[in-house]
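# Working through the structure, step by step
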Amino acid sequence: MEIKGTELFVKALIEEGVDTLFAYPGGTAIDLFDALYEQDKINVILPRHEQALAHEADGYARSTGKVGVCLVTSGPGATNLVTGIATANFDSVPLVCFTGQVLSSLIGNDAFQEVDIVGMTRNICKYAVTVRDRKDLGRIIKDAFYIARTGKPGPVLVDIPKDIQLAMGSDEYPTEVNIRGYKPNTTVHAGQIKRALSVLASAKKPVFLIGGGVNISRAQKEMTQLAELTGVPVITTIMGKGAIATDHPLYVGNIGIHGNYASNHAISECDVLFSIGTRFNDRITGKISEFAKKAKIIHVDIDPASISRNVVVDIPIVADAKAAIQKLLEGAKHLEISSWVKQVMEWRDQYPINMKQYEGMTPELIIRKINETFKNSVVVTDVGQNQLWTTQYVQIDENRQLLTSGGLGTMGYGFPAAIGAKIGNPDKEVICISGDGGMQMNIQEMATAVAQELPLVLCVFNNGYLGNVRQWQELFFDKRYSCTCLTYRKSCNRDCMNKEKQCPKYTPDFVKLAESYDAAGIRVEKVEDIDKAFEFARSNKNKPTLIEFMIEREANVMPIVPGGKPLTEMIMDC
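Everything quoted here is computed from the prediction, not taken from an experiment. (Residues numbered from 1 in each chain as written. Predicted model: local features only at pLDDT ≥ 70, side-chain atom pairs only at ≥ 80, totals over all residues. Heavy atoms only, no water.)

### What about the overall build of the chain?
Secondary structure assignment for the chain yields 23 helices and 20 strands. In terms of C-alpha radius of gyration, the chain reaches 25 Å, essentially the compact-globule figure of 25 Å for 574 residues. Overall size of the chain, expressed as C-alpha extent along the three principal axes, is 70 × 65 × 45 Å. Expressed as a percentage of its 574 residues, the buried residues of the chain come to 57%. (Helix = DSSP H or I, 4+ residues; strand = E, 2+ residues; numbered from the N terminus. Rg over C-alpha atoms; globule rule 2.2 N^0.38 Å. Buried < 20%, exposed > 50% of the residue type's maximum accessible area, 1.4 Å probe, protein only.)

This is how it looks when you write it as structure tokens:
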């Protein structure tokens, strides 16, 4: 039987188990939307901007473990996806992004809303392709989902010209995939595992360094078992937080430029560094030549290109994190390293991260209240100080998940990703923590959240600054606050070091803005009002609540490792 390409598109999504599609219509995608109109198996979400749409699909994918799927039109619709695709690519999030395209006969002629979106995204996704023949449409869609979810997960883009959408062809959708040149590794090298266990068994000061790969592979249970079996302390990257519960006695904390004293010093003193699922980026290593220089390094990663790229390792293991950990559990033994563990935990207890130097309501207090209040939840952050404070203070266990943009560090990610997470997890409370700058980057998605009747809790930490950049300007640029003050107006004298100055009124009024969207809004300025604000938010069952927390304008995320310095050269306070 022959059907239109648009009908095969819908059939393919259903066959792939897609239950949610984030989509924004336009001229070259209108036929695809028309085909979607007749079906009732896929929930089609209409966001208010294509970049936010990609982040919503991303949040849905990270929180559920499914492939996130989105659909947009050509030209600006497609180019607006680029930041979301890059965000997902950095953090290994499986997305399949469909873009409409002009007629095949017009490609290359600068037609209206024509862009080479495949060329633009080829370097920021796993695979990008334009469908050139109707007979290939089903196979390409099948391949796209397979590529996105297998191996190292990531985004895939499929560009479908309008004539391909309308062309008649077979109604058969493939049941198998056979891609020449793409054979993801599904095994674990037994010899390398044996070598790794041998080195680990002889260690006196070992540590596990766990990255996002463990969370991506849903290996938290296995990782906890491995830590308990061996007795080795566990340190995480920001993306790896939650690989074991943060209240576990073997958990030390985060490593990196805003890591805690114990984690950074343990990495510097260890004799075996057993790393799983991290690519050793500059945010965690500090000065590379000083990173774990006393240690033999074992590195498990599904991507062979990530091994020894930044840090040269002694034992490479190319494998999925969960598969590798399961193999390690078969041969691992308990290590006699009690004195080392005691030392690391003494560092952790002696140098805790806190904000006691600030009076009144601090991000630490707010986040600790979130820990107490929202037990079965997904916590989503934006990027900046809000993200760093959250990753320092939020407690993660089997009932609470953390989503954040790690590799690309995308401001504006938090709110739309929270929308996607809530749509994917209707029975969980979803809390978005954002700064006042990041919140404004995709504020239009308040309309999406209201339209979808989502009871999100949106926590905006308002300090009137682009806080993370301002902090660096304070510490390393003699307080020259260039373009970071969000209360600045043309009539200001720019004297940001004058403590007596009267700053203009902050704009926008977040509470009024939320209410203008028919969402709920409340402003909190005192510690004693935090609980009441969360109670108010939880009382709104079918609409989002924005809570604006007025925090200290020049509060800093501490400790911090200055750029180019080793992890042990930490500024603990300022």
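### Notes on the sheet that holds strand β17 (residues 429-435)
Ordered in space as β16-β15-β17-β18-β20-β19, the six strands form an open sheet in which the pairing is parallel. Each edge of the open sheet carries a strand with a single partner, namely β16 (400-403) and β19 (520-524). Ignoring strand direction, the axes of neighbouring strands in this sheet form an average angle of 20 degrees. Relative to strand β18 (residues 457-462), β17 runs parallel, the two sharing five bridges. Bridge pairing in β18 places Ile433 opposite Cys459. The strands touched by helix α16 (residues 363-373) within the sheet are β16, β17, β18 and β20 (545-550), with β18 carrying the most contacts at an inclination of about 170 degrees. (Pairing = 2+ DSSP bridges. Axes fitted to C-alpha atoms, helices over the stretch in contact; angles between N-to-C directions. Contact = heavy atoms within 4.5 Å.)

### Some thoughts on the nonpolar core
Counting residues in hydrophobic clusters, the biggest one holds 64 residues, and the most contacted among them are Met223, Ile267, Leu273, Ile276 and Phe291. If near-sequence neighbours (up to four positions away) are discounted, Ile276 is found in contact with Leu209, Ile210, Gly211, Val214, Met223, Val300, Ala321, Ile325 and Leu328. Counting residues in hydrophobic clusters, the runner-up holds 48 residues, among them Tyr60, Ala128, Phe415 and Ile423. (Core = buried A, V, L, I, M, F, W, Y, C linked by side-chain atoms within 4.5 Å.)

### A look at the sheet that holds strand β7 (residues 155-161)
The strand order across the open sheet built from six strands is β3-β2-β4-β5-β7-β6, with neighbouring strands paired in parallel fashion. The open sheet has two edge strands, β3 (43-45) and β6 (127-130), and neither has a second partner. Neighbouring strand axes in the sheet, compared pairwise and without regard to direction, differ in orientation by 20 degrees on average. Strand direction decides the pairing type here: strand β4 (residues 68-72) and strand β5 (residues 95-101), joined by five bridges, are parallel. If you follow Val72 over to β5, its bridge partner there is Thr99. Along the sheet, helix α5 (residues 82-90) contacts β5 and β7; its crossing angle with β7, the most-contacted strand, is approximately 145 degrees.

### Section: the pattern of salt bridges
Evaluation of the coordinates by the stated rule reveals 22 salt bridges. Of the charged contacts in the structure, one is a salt bridge between Asp143 and Arg139, with a shortest N-O distance of 3.3 Å. Residue Asp143 and its partner Arg139 are located together in helix α7 (residues 137-149), separated by four residues, close to a single helical turn. Taking the relative accessible area as the measure of exposure, Arg139 reaches 40% and is therefore partly exposed. (Salt bridge = Lys/Arg side-chain N within 4 Å of Asp/Glu carboxyl O.)

### A short note on the packing of helix α11 (residues 220-230) against helix α14 (residues 321-331)
At their nearest, the axes of α11 and α14 sit 9 Å apart, and the two run at 30 degrees to each other. The element α11 and its partner α14 pack so that their crossing is left-handed. Together, Glu222, Met223, Gln225, Leu226 and Leu229 of α11 and Lys322, Ile325, Gln326, Leu328 and Leu329 of α14 make up the contact between the two elements. Tallied by class, the residues present in the contact of α11 with α14 amount to six nonpolar, two polar and two charged. (Left-handed = near helix turned anticlockwise from the far one by under 90°. Nonpolar A, V, L, I, M, F, W, Y, C, P; charged D, E, K, R; others polar.)

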